[in-house]
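Okay, here's what each chain looks like letter by letter:
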Amino acid sequence: MSEENPKKSIFKVILEASALGINFVLCVIIGAILGYLIDKFVFRTTFPLFSLIFLAAGFVAGVKEIFRFIRKVNRADGQGSNKEGQ
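Parameters and conventions
Residues numbered from 1 in each chain as written. Predicted model: local features only at pLDDT ≥ 70, side-chain atom pairs only at ≥ 80, totals over all residues. Heavy atoms only, no water. Helix = DSSP H or I, 4+ residues; strand = E, 2+ residues; numbered from the N terminus. Expected span 1.5 Å × (residues − 1). Buried < 20%, exposed > 50% of the residue type's maximum accessible area, 1.4 Å probe, protein only. UniProt positions renumbered as here; feature names shortened; annotations may be inferred. Salt bridge = Lys/Arg side-chain N within 4 Å of Asp/Glu carboxyl O. Contact = heavy atoms within 4.5 Å.

- Under an unreviewed UniProt entry, the name given to the chain is ATP synthase protein I, and the organism recorded is Thermodesulfovibrio yellowstonii.

### Notes on helix α2 (residues 49-77)
- For α2, which comprises 29 residues, the first-to-last C-alpha distance of 43 Å matches the rise-based estimate of 42 Å (1.5 Å per residue) to within 8%.
- If you check which residues of α2 are buried, you get S51, G58, G62 and F69.
- Where α2 ends, the next residue or the one after it, G78, has phi of about 80 degrees, a positive value.

### Quick look at the UniProt feature "transmembrane region" (unreviewed entry) in the chain
- Following the UniProt record, one finds the feature "transmembrane region" (unreviewed entry) at residues 20-38 and 50-67.
- The straight-line gap between the two end C-alpha atoms of residues 20-38 is 27 Å; of that span, 100% is helix and 0% is strand.
- With 100% helix and 0% strand, residues 50-67 has its two end C-alpha atoms placed 25 Å apart.

### Observations concerning the pattern of salt bridges
- Following the criterion strictly, the structure yields two salt bridges and no others.
- With its nearest N and O atoms 3.2 Å apart, the salt bridge here joins E16 to K72. Of this pair, E16 sits in helix α1 (residues 4-43) while K72 sits in helix α2, and the two are 56 residues apart along the sequence.
- Here K72 falls in the partly exposed class, since its relative accessible area comes to 44%.
- Of the charged contacts in the structure, one is a salt bridge between R68 and E65, with a shortest N-O distance of 2.6 Å. With R68 and E65 both in helix α2 and three residues apart, this pair spans about one turn of that helix.

### Some remarks on the environment of F59
- As for its placement among the helices and strands, F59 is situated in helix α2.
- With residues near it in sequence (within four places) discarded, F59 still touches F24 and V28.

Listed below in structure tokens is the structure:
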């Protein structure tokens, strides 16, 4: 019984880690699409200023999600706490 519990947590971590790539790509794509739509329908400019801004924002959001996942996994393992050193 005690062997099944760690296996479930390992499978859960693997499932969440596999979703990271999809999550990152979706953040970037959604940011680019929002920027494109703002450029096209609101400002009608030839230079894709908001496309670039929202593309960068989507990239930052994707990286933030990766760091959030790493922090969550470290907490689950008991490694990422500042209270351990005190």
